[in-house]
Amino acid sequence: MLMSNSHQTNPIYPQIPPPDRLSRYALIGVVIFAIGFIGIAFLNTLFKPETPSPISTPIPTATQVNYNATPLPYEELTQQVERSLVWIESTPRNSFAPEHGTGVILTSAGLILTNAHVINFGDVEGNVNVYRAINNRFIRQQATVMGVAPCEDLALLDITGNHHTPIVMNITPTIGLGTEIFILGYGQSTLASNVSVGFARGEVSRVLVTFSPYNGLIEHTAELLPSDSGSPLLNRFGEMIGMNTLMDVQGRGRRASYAINQERIQLALAYLKERQAPSVTYILSDEADTMVYRLTDYFDRHCYHIALSAGDITVSAKPQEPRLFTPILSVYDSKNQMMIPHTPLRLENDYAHMMSITTPGIYTVVISRNQMTTTGADKLGDYMLTISRQ
C-alpha cells in the first residue's frame, strides 16, 4: 500500500521552518549584533590611550634692557668708556719728574679709582692733578687723596662737581681662559699738551696669578704702556672687570700684562670708600717676635695690617745682604692716609725706625726696597722683621 505525498521527504528542496521559528532567529541575531556593538564600544573606551593634556605656551616675562645686553662695536664702546676716564699727573716727593697714569670715575660726585703707584703710594709733593676730556678739551682739576690701599695698589681720589659719568662696573664677572677683553687708557701721554686715549684688545691668558702682595691677578695679552696704569680692564660689553696695574718687562717667558681682579678692588673700596678697617694680618706679641720674609720680585712689597694702641712702636727690617738691599719703610694710619713716607732703613739706625701712635686703630706697615733683586733663592731680598712696643 502506498503512502501519500504529504508524508514523504523531498531530497531536493529543504524544509522551511515555520514562521514562529524565523522570528525567533531574527531576534537572536539582533541581540547578538547589539551585544557585539556594545562590547566593541566598551573595549575602545577601556583601552583608549589617554589624551595628553594641552601644553601651555609660556608667557614671556619682561627683561631689563640696557646698553650692554649684547656686545657692541668697539667704536661705540670706547666712546662710552672714554667719558669715564681721567688722566692723572702727580710729582713724587724728592723728584722733579711727575708720574702719569689713568683713573676711572666711580661716582657722579667725582670719586676716582687709580693705582696707588700712580701717585707714588701717597708720597707725593704738591698737588695731584686730574685731566678730563670735555668737548674735545682737557680740563684740569686738583684732586684730594681720600685714601691709599698699598697692599692692593689702589688709591681713591676726589674731585669737585656733580655731573661726572661713572664707569659701568661688573663686580661679579665671568672670566676664563680666552675671555675677550680690551683696555682704554692714556698709555703714551706724558705731557699735558699731548694727551690722547689709546685702545688695545686681547684675551685672558691666566687667572689667579700672584705676585706678592697682589693676589688673584688677571693675566692678559693686551699690551700696556707706562701711563696705562690705573686703566680699566673691560669685557666685550664695556663693563669694567679689573684694573690694569703691572706689565712683566723682565723677559721671563711671554710678555704679559696684569690687572687687579674685582674681588680685590671691592675689598680695597670697602676700607677706602666705606671706611671699613682691613683685616689684621700681623699680631704683636708681648715679646719681640722676629720673622724672616723674602722679597723675590722687582715689584714686591710686603704689607702688614696691625692693630695698635697709643704708644711708641719700633719697626726693624734687617736685610741679609745690606750692600745690595736697602729696606724701605712706609706706614699708613687707620684712615688710610700716609703717616710715614718712604723711609730707607739704614745700618746706622740698626735698620729700625720708631714711631709714635696717638690714635688707636689698624695701621698698615709696608716694607719695600730701593733696588731690584733677581728671582730665585739667592736670598738677596731676605730680611728679618721685628715690630715691637717700647
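Refer to the structure presented above.
Quick look at the overall build of the protein chain
- Looking only at helices and strands, the protein chain features three helices and 20 strands.
- The buried share of the protein chain, taken over its 390 residues, is 43%.
- If you take every contact in the protein chain between residues at least 6 apart in sequence, the share linking residues at least 24 apart comes to 69%.
- For the protein chain, the accessible surface area stands at approximately 22100 Å², while carbon and sulfur atoms represent 56% of it.

Considering the packing of aromatic side chains
- If you walk through the whole model with that rule in mind, you get nine aromatic pairs.
- Between Phe-138 and Tyr-186 the ring centres are 6.0 Å apart and the planes differ by 75°, which places this aromatic pair in the edge-to-face class. Of the two residues, Phe-138 sits in strand E5 (residues 137-149) while Tyr-186 sits in the loop between strand E7 (180-185) and strand E8 (198-211), which places them 48 residues apart along the sequence.
- Overall, Phe-138 belongs to the partly exposed group, its relative accessible area being 31%.
- Aromatic pair Tyr-282 and Tyr-304: ring centres 5.7 Å apart, planes at 80°, arrangement edge-to-face. Here Tyr-304 lies in strand E14 (residues 302-308) and Tyr-282 lies in the loop between helix H3 (262-272) and strand E13 (290-294), a separation of 22 residues in the sequence.

Some points on the sheet that holds strand E17 (residues 338-344)
- The strand order across the open sheet built from four strands is E14-E19-E16-E17, with neighbouring strands paired in antiparallel fashion. Of all strands in the sheet, those bounded by a partner on one side alone are E14 and E17. Strand-to-strand twist in this sheet, taken as the mean axis angle between neighbours without regard to direction, amounts to 15°.
- Strand direction decides the pairing type here: E14 and strand E19 (residues 361-369), joined by seven bridges, are antiparallel. In the sheet register, Ala-307 faces E19, and the bridge partner there is Ile-362.

Brief notes about the layout of surface pockets
- Volume-wise, the second largest pocket comes out at about 300 Å³.
- The wall of the second largest pocket is formed by 18 residues, among which Glu-152, Arg-264, Leu-267, Thr-281 and His-305 lie closest to the centre.
- Among the secondary structure elements, those contributing two or more residues to the lining of the second largest pocket are H3 and E14.
- Here the lining of the second largest pocket gets four residues from one element, more than from any other, and that element is H3.

Thoughts on empty space enclosed by the protein
- Throughout the structure, instances matching the rule amount to two cavities of 30 Å³ or more.
- Quantified by volume, the largest cavity comes out at close to 40 Å³.
- As for the largest cavity, its lining consists of Cys-151, Glu-152, Pro-213, Tyr-214, Asn-215, Leu-217, Ile-260 and Arg-264.
- A per-element tally of the lining of the largest cavity places strand E9 (residues 214-220) first, with three residues.
- Its residues assigned to classes, the lining of the largest cavity shows five nonpolar, one polar and two charged.
- Quantified by volume, the second largest cavity comes out at close to 30 Å³.
- Every residue lining the second largest cavity is listed: Val-148, Pro-150, Pro-278, Tyr-332, Asp-333, Asn-336, Ile-362 and Thr-364.
- Its residues placed into classes, the lining of the second largest cavity shows five nonpolar, two polar and one charged.

Description of the sheet that holds strand E1 (residues 85-90)
- An order of E1-E2-E3-E6-E5-E4 is seen for the six strands of this closed barrel, with the pairing classed as antiparallel. Across the sheet, the mean angle from the axis of one strand to that of its neighbour is 40°, orientation sign disregarded.
- With five bridges joining them, E5 and strand E6 (residues 154-158) adopt antiparallel strand pairing. Across the sheet, the residue bridging to Val-148 is Ala-155, located in E6.
- Sitting on the sheet, H3 touches strand E3 (111-115), E5 and E6, and the angle it makes with E6 is about 50°.

Considerations on the environment of Ala-149
- Secondary-structure assignment places Ala-149 in strand E5.
- Using a relative accessible area of 0% as the deciding quantity, one classes Ala-149 as buried.
- The spacing of Ala-149 and Ala-268 is 119 residues in sequence and 6.2 Å in space, taken between C-alpha atoms.
- Setting aside anything within four residues of it in sequence, one finds Ala-149 in contact with Leu-154, Ala-268, Tyr-271 and Leu-272.

Some remarks on helix H2 (residues 74-82)
- If you check which residues of H2 are buried, you get Tyr-74, Leu-77, Thr-78 and Val-81. All buried residues of H2 lie within an arc of 95° about the axis, which places them on one face of the element. Away from its buried face, by an angle of more than 90 degrees, H2 presents the exposed residues Glu-75 and Gln-79.

Thoughts on the side chain of Thr-326
- Residue position: Thr-326 is located in the loop between strand E15 (311-319) and strand E16 (327-332).
- By relative accessible area, which is 15% here, Thr-326 ends up buried.
- Apart from residues lying up to four places away in sequence, Thr-326 is in contact with Pro-344, Leu-345, Arg-346, Ser-368, Arg-369 and Asn-370.

Re the side chain of Glu-239
- Secondary-structure assignment places Glu-239 in the loop between strand E10 (232-234) and strand E11 (240-247).
- In this structure Glu-239 is buried but unpaired, with Arg-236 as the nearest side chain of opposite charge at 11 Å.
- Among the polar contacts made by the side chain of Glu-239, one reaches the side chain of Asn-170 at a distance of 3.0 Å.

Some thoughts on the environment of Glu-321
- The topology assignment puts Glu-321 in the loop between E15 and E16.
- Glu-321 sits in the partly exposed class, given a relative accessible area of 22%.
- As for Glu-321 and Asp-382, which are separated by 61 residues in sequence, their C-alpha atoms are 7.7 Å apart.

Basis of the calculations
- Residues numbered from 1 in each chain as written.
- Predicted model: local features only at pLDDT ≥ 70, side-chain atom pairs only at ≥ 80, totals over all residues.
- Heavy atoms only, no water.
- Helix = DSSP H or I, 4+ residues; strand = E, 2+ residues; numbered from the N terminus.
- Buried < 20%, exposed > 50% of the residue type's maximum accessible area, 1.4 Å probe, protein only.
- Contact = heavy atoms within 4.5 Å.
- Areas by Shrake-Rupley, 256 points an atom, 1.4 Å probe, with all protein chains shown as cover.
- Phe/Tyr/Trp six-rings, centres within 6.5 Å; stacked < 30°, edge-to-face > 60°.
- Pairing = 2+ DSSP bridges.
- Axes fitted to C-alpha atoms, helices over the stretch in contact; angles between N-to-C directions.
- 1 Å grid on protein atoms, 1.4 Å probe; cavity = no way out; pocket = protein on both sides within 12 Å on 5 of 7 lines; lining within 4 Å.
- Points joined across faces, edges and corners; volume = space filled by probe spheres on them.
- Nonpolar A, V, L, I, M, F, W, Y, C, P; charged D, E, K, R; others polar.
- Arc of directions from axis to C-beta.
- Lys, Arg positive; Asp, Glu negative; His and termini not counted.
- Salt bridge = Lys/Arg side-chain N within 4 Å of Asp/Glu carboxyl O.
- Polar contact = N/O pair within 3.5 Å; in protein donor to acceptor, adjacent residues only side chain to side chain.

Keep in mind that these numbers describe shape and distance, not what the molecule does.
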